[in-house]
Amino acid sequence: MRLNAAGLKLIKSFEGWRGTAYRDPVGVWTIGYGHTSRAGPPEVYPGLKISRMQGQEILLRDLDQFAREIRPHIRVRLNDNQYSALLSFAYNVGATNFKRSSVLRFVNARRFSDVPARLMLWNRAGGRVLRGLTRRRAAEGALFVDAESPEAQAQDQKAMRQARGPVSQRRGKSGLRSSTNRAGIALFLSVLAGLFEDVRSMLAAAMSSGILTALLSWKNSLSLLLLLVSGFAIWWIVRERGLKAMDDGI
């Protein structure tokens, strides 16, 4: 029994992603895919920021901890879909609630067809039915009863190996190896070369007549504006490419 890619996708979709620390509805500092300091490192504090790749690594570590807590209480053999659905449920309601739930009792009694209905009993918070919890319980129930084919199992195992792979294998290309960055820098240098004479004359005017006089020159001001805009555009391209490499590993 192991968490599969379908279960990980379900958990991530319902937990949602936040790269900057925030307070949850009850005031607990949270980050990533629902990570809090109570789950272990890293400690969450105001201003903390993480990449999406780091968030997935933290989520997998938190799920491993939950798995160690709940597995001893599951006394029947389950397929990966069934186990992943239960792990999602436990991650959401807590290990203590999972252990005392009728969901676990029905699983251990092999009443698998009744498990989705048992899951749907856990769609309330503060005594109110929440649409988000109803949708999550329905998705967990659907995953629990979804039969796995050998092909799907093989694909899931490959996807999970990639998800759990070392950071060094998932980082994207370095900035200097990126063709996008190279093209952007080349474009900026060509703009700089084309405006060389305008920039030189503006500097000469600034030295002789003052900066204000030089900037008030329409031709020089237009050249300076074009240079600044192109420089900002290249900075933005390089920045976004770097974030893409860190977050998505490409």
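See above for the structure.
Just so it is clear, the structure is predicted and the values come from calculations on it, not from any experiment. (Residues numbered from 1 in each chain as written. Predicted model: local features only at pLDDT ≥ 70, side-chain atom pairs only at ≥ 80, totals over all residues. Heavy atoms only, no water.)

(A) Examining the overall build of the protein more closely. If you tally the helices and strands in the protein, you get 13 helices and five strands. For the protein, with 250 residues in total, the buried portion stands at 36%. Residue pairs in contact within the protein that sit at least 24 positions apart in sequence constitute 61% of those at least 6 positions apart. Here the protein has roughly 14,800 Å² of accessible surface; of this, 58% comes from carbon and sulfur atoms. (Helix = DSSP H or I, 4+ residues; strand = E, 2+ residues; numbered from the N terminus. Buried < 20%, exposed > 50% of the residue type's maximum accessible area, 1.4 Å probe, protein only. Contact = heavy atoms within 4.5 Å. Areas by Shrake-Rupley, 256 points an atom, 1.4 Å probe, with all protein chains shown as cover.)

(B) Local environment of unusual backbone geometry. Cis peptide bonds are those with omega within 30 degrees of zero, and the linkage from proline 41 to proline 42 qualifies with 0°. Examined against the element boundaries, proline 42 turns out to sit in the loop between strand 3 (35-36) and helix 2 (52-70). In this model, arginine 110 sits at a positive phi of 60°, which is unusual for a non-glycine residue. Here arginine 110 shows up in the loop between helix 5 (102-108) and helix 6 (115-119). Given a relative accessible area of 55%, arginine 110 falls into the exposed group.

(C) Broad picture of the side chain of glutamate 140. Mapped onto the fold, glutamate 140 is located in helix 7 (residues 131-145). Separated by 3.3 Å, the side chain of glutamate 140 and the backbone nitrogen of phenylalanine 89 make a polar contact. Excluding anything up to four places from it in sequence, glutamate 140 contacts Leu10, Ala85, Ser88, Phe89 and Leu119. (Polar contact = N/O pair within 3.5 Å; in protein donor to acceptor, adjacent residues only side chain to side chain.)

(D) Spotlight on the environment of leucine 119. Checked against the element boundaries, leucine 119 lands in helix 6. For the pair leucine 119 and glycine 141, spaced 22 residues apart in the sequence, the C-alpha separation amounts to 6.7 Å. Here leucine 119 is in contact with Phe89, Val103, Arg137, Glu140 and Gly141, once residues within four sequence places are set aside.

(E) Spatial organisation of the pairing of strand 2 (residues 29-32). Bridge count for strand 1 (residues 18-23) against strand 2 is three bridges, and the pairing is antiparallel. Looking across to strand 2, one finds that tyrosine 22 is bridged to threonine 30. Connecting strand 1 to the antiparallel partner strand 2 that follows it, the hairpin turn spans five residues, and glycine 27 within it adopts a positive phi of roughly 90°. Here strand 2 runs beside strand 3; their pairing, made up of two bridges, is antiparallel. Along strand 3, the bridge assignment pairs isoleucine 31 with histidine 35. The hairpin formed by strand 2 and strand 3 contains two residues between the paired strands, and glycine 34 there has a positive phi angle of roughly 85°. (Pairing = 2+ DSSP bridges.)

(F) Focus on helix 3 (residues 80-93). Given a rise of 1.5 Å per residue, 14 residues ought to cover 20 Å, and the 20 Å separating the end C-alpha atoms of helix 3 matches this to within 8%. Counted residue by residue, helix 3 has 13 buried out of 14 residues, so it is predominantly covered. Between the side-chain oxygen of the N-cap and the backbone nitrogen of asparagine 81 there are 3.0 Å, and the N-cap of helix 3 in question is asparagine 79. Just downstream of helix 3 lies glycine 94, where phi reads positive at about 100°. (Expected span 1.5 Å × (residues − 1).)

(G) Geometry of the pattern of salt bridges. The final tally for this structure, using the stated rule, is four salt bridges. Linking aspartate 114 and arginine 111 is a salt bridge whose minimum nitrogen-to-oxygen distance equals 3.2 Å. Two residues, glutamate 140 and arginine 137, come together in a salt bridge whose shortest N-O distance is 2.7 Å. Of the two residues, glutamate 140 and arginine 137 both sit in helix 7, three residues apart, roughly one turn of that helix. Members of the salt-bridge network, linked through shared partners, are Glu15, Arg136, Arg137 and Glu140. (Salt bridge = Lys/Arg side-chain N within 4 Å of Asp/Glu carboxyl O.)

All we've got here are geometric facts, nothing functional implied.
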